[in-house]
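Okay, here's what each chain looks like letter by letter:
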Amino acid sequence: EPEVTQTPSHQVTQMGQEVILRCVPISNHLYFYWYRQILGQKVEFLVSFYNNEISEKSEIFDDQFSVERPDGSNFTLKIRSTKLEDSAMYFCASSESRAGDYNEQFFGPGTRLTVL
Amino acid sequence: QKEVEQNSGPLSVPEGAIASLNCTYSDRVSQSFFWYRQYSGKSPELIMSIYSNGDKEDGRFTAQLNKASQYVSLLIRDSQPSDSATYLCASKGGGSYIPTFGRGTSLIVHP
């Protein structure tokens, strides 16, 4: 069964460093998302991406974040200058559509980001 | 601000019993509702989606939606210890295509 994949599974970085989290969405899906979940807290939406541009973003997704689809399969989240409070699980998700039928989002296994 | 509320639990049920998980949502124009299961340290896994009032059954799982009461529930029949996880409720609609998640209810199924 097709699935969303993410790399790395765990990333440790120093405060102020840049990190890139990678995702490969399900191949026939057109909508891509990044979420984060701080330990013990809710899943929080960061950004959605369609047709090579951001379609929605949350207040969390400020100038230190960016997303890119550098090729036909990868979808990346870059955090430019990491802060301690960026430590969280980051989930990539994808969906075939965003409304109506087939709008369910399927999540990847996540990347645990630890900022020291 | 859209809110999805869930009792954090834990809800403890014996093996073989019916587990009933509940969720309320604040945005009356929400149209799509989802239940995800999340094991500790893992990602959310979609179990059910429901869009119309009433019941929707899939195997041991039944989702129930009551839009008038802004209430969604998930019933798990013949609960198994492997069902022990956190169950996330999410709603979507009202001009946004992004689901709003609740904090989740922790379910413990004991042998």
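I will try to describe carefully the structure that is included in this document. Residue positions within a chain follow its written sequence, with the count starting from 1. Whichever chain is written first becomes A and whichever ligand is written first becomes 1, with later ones labelled in order. Local features in this predicted model are restricted to residues whose pLDDT is 70 or higher, and side-chain atom pairs enter the listing and the counts only when it is 80 or higher, whereas totals over whole chains, interfaces and linings include all residues. As a convention, hydrogens and water are excluded, and side-chain values are obtained from all of the structure's heavy atoms.

Some points on the side chain of B:Asp83
What counts as a helix is a DSSP run of H or I of at least four residues, what counts as a strand is a run of E of at least two, and both are numbered from the N terminus. Mapped onto the elements of the fold, B:Asp83 is located in the loop between strand E8 (71-76) and strand E9 (85-93). In what follows, residue pairs with any heavy atoms lying within 4.5 Å of each other are defined as contacts. In contact with B:Asp83, other than residues within four places in its own chain, are B:Arg37, B:Arg60, B:Ile76, B:Asp78, B:Leu107 and B:Val109.

Quick look at the nonpolar core
For soluble globular proteins, the rule of thumb is that nonpolar side chains tend to be buried together. To form a nonpolar core, buried Ala, Val, Leu, Ile, Met, Phe, Trp, Tyr and Cys residues must be joined to one another through side-chain atoms within 4.5 Å. Accessibility here uses a 1.4 Å probe with only protein chains present; expressed as a share of the type maximum, an area under 20% marks a residue as buried, one over 50% as exposed, and anything in between as partly exposed. Judged by nonpolar contacts, the single largest core of 22 residues is most densely connected at B:Trp35, B:Val72, B:Leu74, B:Ile76, B:Tyr87 and B:Leu107. Among the elements of the structure, strand E3 (19-25), strand E4 (30-38), strand E5 (45-50), strand E7 (61-66), E8, E9 and strand E11 (105-110) of chain B are those that each provide at least two residues to this core. Counting residues per element, this core draws most heavily on E3(B), at four residues. Apart from the residues lying within four places of it in its own chain, the contact partners of B:Tyr87 are B:Gln6, B:Leu21, B:Trp35, B:Tyr36, B:Arg37, B:Ile47, B:Leu74, B:Ile76, B:Gly104, B:Thr105 and B:Leu107. Membership of the second largest hydrophobic core comes to 21 residues, among which are A:Val47, A:Val67, A:Phe75 and A:Leu113.

Considerations on the sheet that holds E8(B)
Strand pairing is assigned whenever DSSP detects at least two bridges linking the two strands. Strand order in this open sheet of five strands is E1-E3-E8-E7-E6 (chain B), and the pairing throughout is antiparallel. Of all the strands in the sheet, just strand E1 (4-5) and strand E6 (54-58) of chain B have a single pairing partner and so form its edges.

A closer look at the side chain of A:Gln64
Residue and element names in this part refer to chain A. Mapping Gln64 onto the fold places it in the loop between strand E6 (53-57) and strand E7 (65-68). Using a relative accessible area of 11% as the deciding quantity, one classes Gln64 as buried. Sequence-distant contacts of Gln64, that is, excluding residues within four places in its chain, are made with Lys78, Ile79, Arg80, Ser81, Thr82, Lys83 and Asp86.

Here's the deal with the pattern of salt bridges
A pair is scored as a salt bridge if a Lys or Arg side-chain nitrogen falls within 4 Å of a carboxyl oxygen belonging to Asp or Glu. Summed over the entire model, instances satisfying the criterion amount to five salt bridges over all chains. A:Arg36 is the partner of A:Glu44 in a salt bridge, and the nearest nitrogen-oxygen pair spans 3.0 Å. Overall, the relative accessible area of 23% leaves A:Glu44 in the partly exposed class. The shortest N-O distance in the salt bridge between B:Glu45 and B:Arg37 comes to 3.0 Å. Residue classification places B:Glu45 among the partly exposed positions, given a relative accessible area of 36%. With relative accessibility at 14%, the residue B:Arg37 sits in the buried group.

Observations concerning the state of the cysteines
What counts as a disulfide here is a pair of cysteine sulfur atoms lying within 2.5 Å. If you walk through the whole model with that rule in mind, you get two disulfides over all chains. Disulfide partner of A:Cys23: A:Cys92, at an S-S distance of 2.0 Å. On the sign convention where negative is left-handed, the bridge of A:Cys23 and A:Cys92, at about -65° about the S-S bond, is left-handed. Residue A:Cys23 is found in strand E3 (residues 19-24), and its partner A:Cys92 is found in strand E9 (residues 88-95); the two are separated by 69 residues along the sequence. Given the relative accessible area of 0%, A:Cys92 is considered buried. B:Cys23 shares a disulfide with B:Cys89; S-S distance 2.0 Å. Where B:Cys23 bonds to B:Cys89 through sulfur, the torsion about that S-S bond is close to -70°, and the disulfide is left-handed.

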